[in-house]
Amino acid sequence: MHARRWIAAALAVGVLAAGCTAGGGNEGAGSSPSTSPTSPPDDMPSADPVVTRLAEALTALDVSALPMKDQTAAQSELETIFAGMDGIAPTVTVDSIEYSAPENSARAHLSMEYPLGENGWTYESYAALNLVDERWRIAWSPTIIHPALTSASRMRHLRTLPKRAAINDNEGLALVEERTLYQVGIDKAQLPEAEWAASAEQLALLLEIDAPTFQAKVAGGGKRQFVVGRTMRQEEITPDVGKVTGAQVLPTSAMVPVSDTFATSLLGIVGSPTQKMLDDPETDVSASDTVGLSGLQSRYEAQLRGVPEVRVDLVGRVSEDDDAAEEAFEEQNLFLQDSSVPVPVQTSLDRELQFKAEAVLADQPGLAALVVIQNDNGALLAAANSPAAGTYPQATFGKFAPGSTFKVVSSLAMLRGGLGPTSAVQCPASLEVAGKTFTNYSDYPSSKVGSITLTEALANSCNTAFAGAAGAVTPEQLHAAAGSLGVGTDYDAGFTSNFGTVEPNNSPIDRAASMIGQGQITMSPMGMAAVAASVASGKTTIPWLVSGEQALSTAQPLTPQETTQLQQMMMAVVTEGSGKSLAGLMKGAKTGTAEYGTVGAYQTHGWMIAWNDTVSVAAFVEEGISGSQSAAPLITSLFS
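Bear in mind that the values here come from a model prediction, so they are computed numbers and not experimental data. (Residues numbered from 1 in each chain as written. Predicted model: local features only at pLDDT ≥ 70, side-chain atom pairs only at ≥ 80, totals over all residues. Heavy atoms only, no water.)

Observations regarding the pattern of salt bridges
Tallied over the entire structure, the rule returns 14 salt bridges. Taking the shortest distance from any N to any O, the salt bridge between Glu 301 and Arg 305 comes out at 2.9 Å. Taken as a pair, Glu 301 and Arg 305 lie in helix H8 (residues 301-305) at a separation of 4 residues, close to a single helical turn. Here Arg 311 makes a salt bridge to Asp 313, at a shortest N to O gap of 2.8 Å. Residue class for Asp 313 comes out buried when judged on its relative accessible area of 3%. Each of the salt bridges in this network shares a partner with another, and the network as a whole consists of Arg 159, Arg 164, Asp 289, Glu 301 and Arg 305. (Salt bridge = Lys/Arg side-chain N within 4 Å of Asp/Glu carboxyl O. Helix = DSSP H or I, 4+ residues; strand = E, 2+ residues; numbered from the N terminus. Buried < 20%, exposed > 50% of the residue type's maximum accessible area, 1.4 Å probe, protein only.)

Quick notes on the sheet that holds strand E2 (residues 91-100)
The 4 strands are arranged E2-E3-E4-E5 in an open sheet whose pairing can be described as antiparallel. At either end of the open sheet lies a strand with only one pairing partner, and these are E2 and strand E5 (135-139). On average, adjacent strands in this sheet sit at an angle of 30° to one another, irrespective of strand direction. Of the strand pairs in this sheet, strand E4 (residues 121-132) and E5 are connected by 5 bridges, and their pairing is antiparallel. Residue pairing for E5: Leu 131 is matched across the bridge by Trp 136. Its contacts with the sheet put helix H1 (residues 48-59) on E2, strand E3 (105-114), E4 and E5, and the angle it makes with E2 is roughly 150°. (Pairing = 2+ DSSP bridges. Axes fitted to C-alpha atoms, helices over the stretch in contact; angles between N-to-C directions. Contact = heavy atoms within 4.5 Å.)

What to know about the pairing of strand E17 (residues 380-385)
Burial within E17 is extensive, with 6 of its 6 residues counted as buried. As judged from the 5 bridges shared by strand E16 (residues 368-374) and E17, these two strands associate in the antiparallel manner. By the bridge assignment, Val 371 is partnered in E17 with Ala 383. Counted between consecutive antiparallel strands, the loop separating E16 from E17 contains 5 residues, among which Gly 378 sits at a positive phi close to 80°.

Side note on the state of the cysteines
In total, this model carries 1 disulfide according to the counting rule given. Between the sulfur atoms of Cys 427 and its disulfide mate Cys 462 the distance is 2.0 Å. The S-S bond linking Cys 427 to Cys 462 shows a torsion near 105°; that makes this disulfide right-handed. Here Cys 462 lies in the loop between helix H13 (454-460) and helix H14 (463-468) and Cys 427 lies in strand E18 (residues 424-427), a separation of 35 residues in the sequence. Using a relative accessible area of 0% as the deciding quantity, one classes Cys 427 as buried. (Disulfide = S-S within 2.5 Å.)

Considerations on the nonpolar core
Leu 267, Leu 296, Leu 370, Leu 380, Leu 485 and Ile 635 are the most contacted members of the largest nonpolar core, which totals 114 residues. Counting residues per element, this core draws most heavily on helix H17 (residues 525-537), at 9 residues. Leu 380 has contacts with Leu 266, Ser 348, Leu 349, Val 371, Val 372, Ile 373, Thr 396, Phe 495, Met 526, Trp 544 and Leu 545, leaving out every residue within four places of it along the chain. (Core = buried A, V, L, I, M, F, W, Y, C linked by side-chain atoms within 4.5 Å.)

So, in structure tokens, the structure goes:
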């Protein structure tokens, strides 16, 4: 080769040293601007193919097939360097190649990008190449991986999550928080195999778990395995556990609620991340993390979990000849993402009221729910489900025909159409609409048939009066009335919530059915509690659960006159109608019974909504008899 002087544009190449921040920013000494050409001289082959192979090999952490002096040694060193990186590897790209004709050499500028932290870690590294017999060969060095690496050092990844924040009640006290629990089990390494079964049986009795099942669990697995029997609070562990040969108690951390059932459908649960979470490139989640899987725990995952501390340090390599070599090495930080302090979620839940609501429903057969809303600000104080609901949020997200409780909405639409509380409406014993016959419930008072006031129609729940008014109330007007009472519009209220569907079609039958809460009308218990709260407060009430996440109404506001009229009509339900059993506890109410199921085998939902000076409540029983017989007693039990 003939020596030539090549002039190229100056390249500002920064050599990365120790301190790299979470944003990928680099600190350290910079090299002098290069004056080497970025394309090969005429009499030198391009190094592009070899450098491309190098980038691909480093990304795959396999350099065993690259053109270099000792491939086996290079591969072994590469594996040593990444042994403490928890499987995290860089994506390597080629930035440029500098050529030096006099030295028959080249220098590849590589970009190393790691999926670390929230913003990743990126830095530059360099690889030297030599031209030997017209072919480029890579000069292997640990500095190809990182400029600060030497033959005595490797990289180590550490990721530490901060303590998960609590979810609090309306007084700022934790409803669920991370606490230390204890795994109690058998350490098989501490006793002979012949004693495994006896110790497992003895410990099972103390832990109140099935002995044969635990014995089988202990018998399986490795010979030095620690087999967990139960995870317990410290106060639950008896001193007798220490007398069991091979028994061991190990601390662990877990999110602990105030009770196993407390508002589970709202607060949610935590656990190991799903594969979908792990595969999401936008989510900084590790398989060992505890993450929210449902409810508020999932919705506010980022807030509750915070940002983990993520770091990569330069540490000493383990030496077979010198066990102290790694400890003696002066560690150097290469990348650091500082952790953030998680922020608790403040809720509107009233601890004692939620406990009581759950207690009222604890022995309730089938599906049932209770929802309580504070009148003045819409705070969701309690939302409880019966055991049959499992973890599904039926109280706030269920979809059921509301039956006659929806007549409060229909009443508002009729008031806006020109009627008043004392206006006469017709309540026949039966009403035929397009071939379908509407009737009143079986024990409807005969004295309230014929011409009665709108207030009497609501108080006694006359189906035919409201179904007969359907011709004067358009679907749009019914939807607007529902919106003014907090339902029929889909709001993002910051938690799992359903505000109902009010979309009656224009068929005469469906319009008539919708006026009595059937047909195309569906509601959650929370939605119907919002209707009661809107009447009680005189303003459209959108329930909220999480502080700072209140949805704003987009509906036509209630007027003072509408508020007064609806309050008077609902008060008549308690004083003279189907809600008399709530007198003394509630000021206004509305019962409801809704048919569901198949024709000829209908079952009935039992509903009751009510309000007093401070709160509004909805009670729902999926398989009920009527609102007054099935739902009203739940409200009585809750507030007495």
